[in-house]
Amino acid sequence: PETTYAGWRTTMDMKTRIKWIEGVAFAGESGSGHAVVLDGAPDGGGRNLGMRPMEMQLTGAAACTAYDVVTILRRGRHPVADVAVAVDAERAPEPPRVFTRLHFTYTVAGRGLDRKPVERAILLSKEKYCSATPYCDSVLRVSIARWRRSLSGTQETSDRIRTGKSTHAQEG
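Along each chain, residues carry numbers from 1 onward, in the same order as the chain's sequence is written. Per-residue local features of the predicted model are confined to residues with pLDDT of at least 70, and side-chain atom pairs are confined, for both listing and counting, to 80 or more; whole-chain, interface and lining totals are unaffected and use all residues. With hydrogens and water stripped out, all remaining heavy atoms of the structure feed into the side-chain values.

S.K.: Would you explain the environment of Lys 15 in this entry?
M.R.: Only runs of H or I of at least four residues qualify as helices and only runs of E of at least two qualify as strands under DSSP, and these elements are numbered from the N terminus. When you line up the elements, Lys 15 lands in the loop between strand E2 (8–11) and strand E3 (16–22). Separated by 15 residues in sequence, Lys 15 and Ser 30 place their C-alpha atoms 6.1 Å apart. Excluding residues within four positions of it along the chain, Lys 15 makes contact with Ser 30 and Gly 31. Whether two residues are in contact is decided by their heavy atoms, any of which lying within 4.5 Å being enough.

Spelled out as structure tokens, the structure:
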């Protein structure tokens, strides 16, 4: 079933299917019909044919929050032209090798784009809308938001913003 939440149309039920290919390679197919290959590193028996499962999880979290930021800024009619989210992560040395530190860096650009709406969009994503980052909330730190007022010429960069409640995350 689908529902509308805060103007967004969402599917409440989701499905995925993973099929072993060979070695430690798997084909994943989502309920929406999209496919992806996941694989391990050669030293773990893989052939490096696709992302590792934990890389996929990290990529999904970054894509989820980037989606929110773009959507929030567009709905507010802010002149967003580019959004990139880079995530640096550290994992526990022993199994289960969970994430122990996540550092999200947002780069947002647009002609005439002001800092306040960018910071608001990032905070709304983290605190309200992003479905993927709450799983990482104990180690999540949104520590830098960069914004560029112009796509050409002089670039202005915002102050750092810090959010999160991690005891593991380090200030960046």
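S.K.: Explain the sheet that holds E3 here, please?
M.R.: Each strand in a sheet pairs with another by means of backbone hydrogen bonds, the pair being arranged parallel or else antiparallel. DSSP calls a pair of strands paired once it identifies at least 2 bridges connecting them. Taking strand neighbours across the sheet as the criterion, the 3 strands line up as E3-E4-E5 in an open arrangement whose pairing is antiparallel. Taken across any chain shown, the strands that pair with only one partner, and hence form the sheet edges, are E3 and strand E5 (35–38). Each neighbouring strand pair of the sheet contributes to a mean axis angle of 25 degrees, computed without reference to strand direction. Pairing analysis gives 6 bridges linking E3 to strand E4 (residues 25–30), with the strands arranged antiparallel. Bridge pairing links Lys 19 to Ala 27 in E4. Throughout, an axis means a line fitted to C-alpha atoms (over the contacting stretch in the case of helices), and angles, computed between N-to-C directions, take values from 0 to 180 degrees.

S.K.: Hey, could you run me through the nonpolar core in this one?
M.R.: Side chains of a nonpolar character, in soluble globular proteins, are inclined to be buried together. The set of buried Ala, Val, Leu, Ile, Met, Phe, Trp, Tyr and Cys residues whose side-chain atoms join them within 4.5 Å is what this entry labels a nonpolar core. Accessibility here uses a 1.4 Å probe with only protein chains present; expressed as a share of the type maximum, an area under 20% marks a residue as buried, one over 50% as exposed, and anything in between as partly exposed. Among the nonpolar cores identified, the biggest contains 21 residues, and Val 69, Val 85 and Val 108 are the most heavily contacted of them. Put simply, the parts of the chain that give this core at least two residues each are helix H1 (53–75), strand E6 (82–91), strand E7 (99–109) and helix H2 (115–129). Ranked by residue count, the leading element in this core is H1, at 7 residues. With sequence-adjacent residues up to four places away left out, Val 69 is seen in contact with Val 83, Tyr 106, Val 108, Ala 121, Ile 122 and Ser 125.

S.K.: Help me out: how do you make sense of H2 in this one?
M.R.: Taking 1.5 Å per residue, 15 residues should reach 21 Å; H2 reaches 20 Å between its end C-alpha atoms and fits that length. Listed in full, the buried residues belonging to H2 are Pro 117, Val 118, Glu 119, Ala 121, Ile 122, Ser 125, Lys 126 and Tyr 129. Here a helix's expected span is defined as the number of its residues, less one, multiplied by 1.5 Å.

S.K.: Sorry if this is basic, but what is going on with the pattern of salt bridges here?
M.R.: Side chains carrying opposite charge are able to pair once their charged atoms draw close together. Should a side-chain nitrogen of Lys or Arg be within 4 Å of a carboxyl oxygen of Asp or Glu, the pair is scored as a salt bridge. A complete count under the given rule lists 3 salt bridges for this structure. Here Arg 101 makes a salt bridge to Glu 90, at a shortest N to O gap of 3.8 Å. Placement of Arg 101 in strand E7 and of Glu 90 in strand E6 is noted, with a sequence separation of 11 residues between them. Given a relative accessible area of 13%, Arg 101 falls into the buried group.

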